[in-house]
Amino acid sequence: RYLSRDEVAQASLSKAQQEGGSVRLVTKEHVFPKRRSAAAAAAAASPSASYGQEKESCLEPPPPSSGYLQAVDGGGVPLCLSCQQACSTGGGPWDTRFCSHTCQEDFQMRTSQTYMRSRMLEVEQGTCQHCGLDAHDLFLKVRDAPPSQRKEMLENTWLAQLSLKELNEMIRAPVEGDFWQVDHIQPVYRGGGQCSLDNLQTLCTVCHKARTATQAKERSRMRKSAAASKVASDISRLKWSRLYREMQLFKDSANLVKVAGER
């Protein structure tokens, strides 16, 4: 599971309270405006435009930016979004979100699936670590091939085991996320979530589905085992409770007999 903006905000607010400081909203500054598409630019520059009409600029204002709530200590020093330690005060707010490149890398890995996939692609080049399929290369070939040839290309690969619906979608509109996945070596349910690259691996979609199915069975066994342990614990507590009550009744009866004998 990825770290949400709300969770970052809660952590920043908590740290600011501890430090007797405040919080600030840091947003990315768009230095370069967004360019329009080539078609739109060509249309704006077309000679068919009305005479005297000013040609629209090929630049558009950037979209609204989003940011993070960051803690600032009592002395006005920004605290790292990742480790909550003091950051450098040089540069603008967006440049002082982290105390080091390591913290920035760690934070982006825990908050962005897109960033995680891009880093894994750099490290393992989209090659499945189980079957060895070069899933990234296959995606590029299928994407660039004419639609009429895509079916045959997929039929001759390991991915042909996927469902007909999935294969048809890959033929119709191939996207890289259909070909390979980022997998947690230590599963999330065993504490492997929000991790570094060391706990991640590239798996083709077929191998990822197989591993997910195996893990689902393991989780089911774990839940059943936990439920059975709880039932056994409840039964044990019930037995001891009944035994305690019986002992109390026996003790009370013995006291009554003793009192009656004394009379």
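Quantities reported herein were computed from a predicted structural model and do not represent experimental measurements.

Trainee: Would you mind going over the packing of helix H5 (residues 135-144) against helix H6 (residues 147-155) with me for this structure?
Mentor: Between two packed helices, what matters for the description is the angle formed by their axes and the separation of those axes. Contact pair H5 / H6: the axes reach a minimum separation of 8 Å and the direction vectors enclose 155°. In terms of orientation, H5 and H6 fall into the roughly antiparallel class. Counting all contacts with H5, which are made through Leu138, Lys141, Val142 and Arg143, the residues of H6 involved are Arg150, Met153 and Leu154. Within the contact of H5 with H6, the residues separate by chemical class into four nonpolar, no polar and three charged.

Trainee: Can you help me understand the nonpolar core in this one?
Mentor: A general trend in soluble globular proteins is that nonpolar side chains are found buried together. Ranked by size, the top nonpolar core spans 25 residues in total, and within it Leu154, Leu159 and Phe179 carry the most contacts. Ranked by residue count, the leading element in this core is H5, at four residues. Excluding anything up to four places from it in sequence, Leu159 contacts Leu133, Leu138, Leu167, Met170, Phe179, Cys204, Thr205 and Val206. Formed by ten residues, the second largest nonpolar core is a distinct cluster that contains Val26, Tyr68, Cys80 and Phe98.

Trainee: Looking at this structure, how should I read the packing of aromatic side chains?
Mentor: To describe a pair of aromatic rings, one takes the distance between the centres and the angle between the planes. A full pass over the atoms with the stated rule returns three aromatic pairs. On the basis of an interplanar angle of 80° and a centroid distance of 5.2 Å, the ring pair of Tyr68 and Phe107 is categorised as edge-to-face. Residue Tyr68 is located in strand S4 (residues 67-72), and its partner Phe107 is located in helix H3 (residues 101-111); the two are separated by 39 residues in the primary sequence. Judged by centre distance (5.2 Å) and plane angle (55°), the ring pair of Phe98 and Phe107 falls under tilted. As far as the burial class goes, Phe98 and Phe107 line up, both buried. In this structure an aromatic cluster arises from ring pairing among Tyr68, Phe98 and Phe107. Just above the ring of Tyr68 sits the side chain of Arg5; from NZ or CZ to the centre is 4.2 Å. The lysine or arginine in question, Arg117, covers the ring of Trp180, its NZ or CZ lying 3.8 Å from the ring centre.

Trainee: Looking at this model, I keep getting lost on the pattern of salt bridges. Mind explaining?
Mentor: Side chains carrying opposite charge are able to pair once their charged atoms draw close together. The final tally for this structure, using the stated rule, is nine salt bridges. A salt bridge links Lys15 to Glu19, with the shortest nitrogen-to-oxygen separation between them at 3.3 Å. Here Lys15 and its partner Glu19 are both found in helix H1 (residues 5-19), four residues apart, which amounts to about one turn of the helix. Judged by relative accessible area, Glu19 falls into the partly exposed class, the value being 36%. Of the charged contacts in the structure, one is a salt bridge between Arg211 and Asp183, with a shortest N-O distance of 2.4 Å. With Arg211 in helix H8 (residues 205-262) and Asp183 in strand S5 (residues 180-184), this pair connects stretches of sequence that are 28 residues apart. Residues Arg211 and Asp183 agree in their burial class; the two are buried. A single salt-bridge network, built from bridges that share partners, covers Glu105, Arg119 and Glu122.

Trainee: When you look at H5 in this model, what are you seeing that I'm missing?
Mentor: Residues spaced three or four apart along an α-helix face the same direction, because each turn holds 3.6 residues. Taken residue by residue, H5 has Ala135, His136, Leu138, Phe139 and Val142 as its buried positions. Mapping the buried residues of H5 onto a view down its axis gives an arc of 160°, with all of them on the same face. Of the surrounding secondary structure, the elements contacted by the buried residues of H5 are helix H4 (113-124), H6, helix H7 (164-172) and S5.

Trainee: Sorry, what's going on with unusual backbone geometry here?
Mentor: Excluding glycine, most residues fall at negative phi; most peptide bonds, likewise, are trans. The residue Gln84 is not glycine, and still its phi comes out positive at about 65°. Residue placement: Gln84 occurs in the loop between S4 and H3. Overall, Gln84 belongs to the buried group, its relative accessible area being 15%. Even without glycine at this site, Gln125 takes up a positive phi of about 55°. You can see Gln125 is positioned in the loop between H4 and H5. Relative accessible area serves as the criterion here: at 46%, Gln125 is assigned to the partly exposed category.

Reading the values: the criteria
Residues numbered from 1 in each chain as written. Predicted model: local features only at pLDDT ≥ 70, side-chain atom pairs only at ≥ 80, totals over all residues. Heavy atoms only, no water. Axes fitted to C-alpha atoms, helices over the stretch in contact; angles between N-to-C directions. Helix = DSSP H or I, 4+ residues; strand = E, 2+ residues; numbered from the N terminus. Parallel < 35°, antiparallel > 145°, perpendicular 65-115°, else oblique. Contact = heavy atoms within 4.5 Å. Nonpolar A, V, L, I, M, F, W, Y, C, P; charged D, E, K, R; others polar. Core = buried A, V, L, I, M, F, W, Y, C linked by side-chain atoms within 4.5 Å. Buried < 20%, exposed > 50% of the residue type's maximum accessible area, 1.4 Å probe, protein only. Phe/Tyr/Trp six-rings, centres within 6.5 Å; stacked < 30°, edge-to-face > 60°. Lys NZ or Arg CZ within 6 Å of the ring centre and 35° of its normal. Salt bridge = Lys/Arg side-chain N within 4 Å of Asp/Glu carboxyl O. Arc of directions from axis to C-beta.

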